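Chains, contacts and geometry: an overview
So the chains spell out like this:
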Amino acid sequence: MTEATPLIDPFKRAVTYLRVSVTDRCDFRCVYCMAENMTFLPKRELLTLEELDRVCSSFIRLGVRKLRITGGEPLVRRDIMTFFNAMGRHLETGALDELTVTSNGSQLEKFAGDLYAAGVRRVNISLDTLDAEKFARVTRWGRLDQVMRGIDAAQAAGLRVKINTVALKGFNEPELFDLVDWCRARDMDLTFIEVMPMGDLGNENRLDQYWSLTDVRTRLADRFTLLDLTERSGGPARYVRLEETGQKIGFITPMSHNFCESCNRVRLTCTGELFMCLGQEDRADLRAPLRAHPGDDAPLEAAIRAAIAGKPKGHDFDYSRQRADGQMTRHMSHTGG
Ligand code: SAM
Ligand code: SF4
């Protein structure tokens with residue numbers, strides 16, 4: 001493989017992390033993410049597994065070192081293991097440092113071993129509550145026991161599990177310490193995510209669900225000593241260690257602007273749109289150059305470079321304004337969170 005000049009944006013940030021949504025479909029309907037009656041994209045709109053391979057491999061050639069596969073629910077896409085296995089070849093050559101997945105856990109009982117075999121070592125599993133009835137309510141279609149079996153299977157296969165929990169006011173507030181204790185008992189890291197004003201607010205006004213992570217932190221500090229960790233992921237996460245237990249706890253506050261200067265990532269949707277920033281509508285269509293030149297990745301790479309040259313400096317979410325300005329019209333299931 002010839003050496004390519006790495007992707008550096010106009011603010012001198014190297015793009016080394018690509019998040020890829022491989023489907024907009026999901027077997028859950030989490031209330032903050034999807035409407036109950038979703039209309040999904042026609043199949044022809046989606047990148048095929050071969051197209052996903054071409055675009056990810058191009059990014060890797062251009063310096064991406066970490067790939068996170070997400071969705072929708074990535075593990076409901078048909079033959080998705082073919083794609084994971086294909087990406088595994090880049091781990092073997094050393095071109096890629098890490099291949100990870102964000103999942104709701106429902107299919108992990110089936111796929112954990114295959115993911116490990118493909119080279120995946122870490123999975124993020126989204127789980128907002130340990131109560132089966134509440135779980136059914138927040139996911140609408142999910143079953144907690146199925147996800148628990150998925151988590152068991154992931155750990156048994158040797159995958160390191162991190163739990164992602166969306167902080168929801170009046171919903172999982174009373175479970176804060178139960179979640180922390182449960183993760184500790186199972187040796188899993190735990191990250192809280194602030195709910196984002198994605199999609200149409202409709203009658204499920206996300207301002208009503210908003211539970212500030214500043215408050216989560218304060219509540220944790222009632223029981224634990226929080227030691228700030230300096231490590232940064234290049235994304236909107238900050239970490240602390242609980243001195244008493246040694247646990248690592250993350251806080252993802254996508255609305256804050258304080259991470260943009262170190263942002264190292266871009267997001268590819270399942271239709272081949274490249275979003276340069278989570279909070280901006282700027283995007284580039286990579287599907288057109290992919291489909292127009294089936295045997296030649298040069299136009300695709302040129303389109304990627306042109307897109308990165310236009311990566312915005314930062315984004316603009318702000319809950320303090322009552323209308324949730326900066327609100328995005330696209331759903332997380334489309335851009336992959
Ligand atoms: N289906 C997979 C899952 O749930 O982990 C992957 C895709 S999901 C869109 C990725 C992450 O986005 C999940 O952790 C989910 O909780 C989070 N998410 C979805 N909608 C959100 C919102 N409005 N605000 C904050 N996080 C959200
Ligand atoms: Fe599906 Fe994940 Fe969205 Fe829940 S958060 S509806 S599991 S894509």
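Look above for the structure.
Residues numbered from 1 in each chain as written. Chains lettered and ligands numbered in written order. Predicted model: local features only at pLDDT ≥ 70, side-chain atom pairs only at ≥ 80, totals over all residues. Heavy atoms only, no water.

Moving on, we come to the pairing of strand S1 (residues 17-21). S1 sits mainly inside the fold: five of its five residues count as buried. In S1, alternate side chains face the same way, and those of Tyr17, Arg19 and Ser21 on one face and Leu18 and Val20 on the other are all buried. When S1 meets strand S2 (residues 66-70), the two strands line up parallel, connected through five bridges. In the strand pairing of S2, Val20 is matched with Ile69. Handedness of the crossover joining S1 and S2 through helix H1 (residues 49-61): right-handed. When S1 meets strand S10 (residues 265-268), the two strands line up parallel, connected through four bridges. From the neighbouring strand, Arg19 faces S10, where its bridge partner is Arg267. (Buried < 20%, exposed > 50% of the residue type's maximum accessible area, 1.4 Å probe, protein only. Helix = DSSP H or I, 4+ residues; strand = E, 2+ residues; numbered from the N terminus. Pairing = 2+ DSSP bridges. Right-handed = clockwise from strand over helix to strand, strands pointing away.)

As a further point, take the pattern of salt bridges. Taken as a whole and assessed by the stated rule, the structure comprises 24 salt bridges. For Arg287, the salt bridge is made with Glu45, and the minimal N-O distance between the two is 3.5 Å. Of this pair, Arg287 sits in helix H9 (residues 287-292) while Glu45 sits in the loop between S1 and H1, and the two are 242 residues apart along the sequence. Residue Arg287 is classed as partly exposed on the basis of its relative accessible area of 21%. Between Glu301 and Arg61 there is a salt bridge, and its shortest N-O distance comes to 2.7 Å. Taken together, the residues Glu301 in helix H10 (residues 298-308) and Arg61 in helix H1 connect sequence positions 240 residues apart. Look at Arg61 and you get partly exposed, because its relative accessible area is 23%. (Salt bridge = Lys/Arg side-chain N within 4 Å of Asp/Glu carboxyl O.)

Below, the discussion takes up H10. When H10 is considered as a whole, its buried residues turn out to be Leu300, Glu301, Ile304, Ala307 and Ile308. Buried residues of H10 fall within an arc of 120° about the axis and therefore sit on the same side. (Arc of directions from axis to C-beta.)

This next bit is on the site of ligand 1. In the region of ligand 1, 16 residues are neighbours, and Tyr32, Gly72, Ser126, Val166 and Met196 sit closest. Backbone polar atom of Ser103 to an oxygen atom of ligand 1: 3.3 Å apart, as the coordinates give it. In isolation ligand 1 has 540 Å² of accessible area, and contact with the protein removes 95% of it. Tallied by class, the residues present in the shell around ligand 1 amount to seven nonpolar, seven polar and two charged. (Near = heavy atom within 4 Å. Polar contact = N/O pair within 3.5 Å; in protein donor to acceptor, adjacent residues only side chain to side chain. Areas by Shrake-Rupley, 256 points an atom, 1.4 Å probe, with all protein chains shown as cover. Nonpolar A, V, L, I, M, F, W, Y, C, P; charged D, E, K, R; others polar.)

To continue, consider unusual backbone geometry. Even without a glycine there, the phi angle at Lys12 is positive, about 65°. Along the chain, Lys12 falls in the segment before S1. The phi angle at Asp187 is positive, at roughly 55°, despite the residue not being glycine. Structurally, Asp187 is set in the loop between helix H6 (176-185) and strand S6 (189-194).

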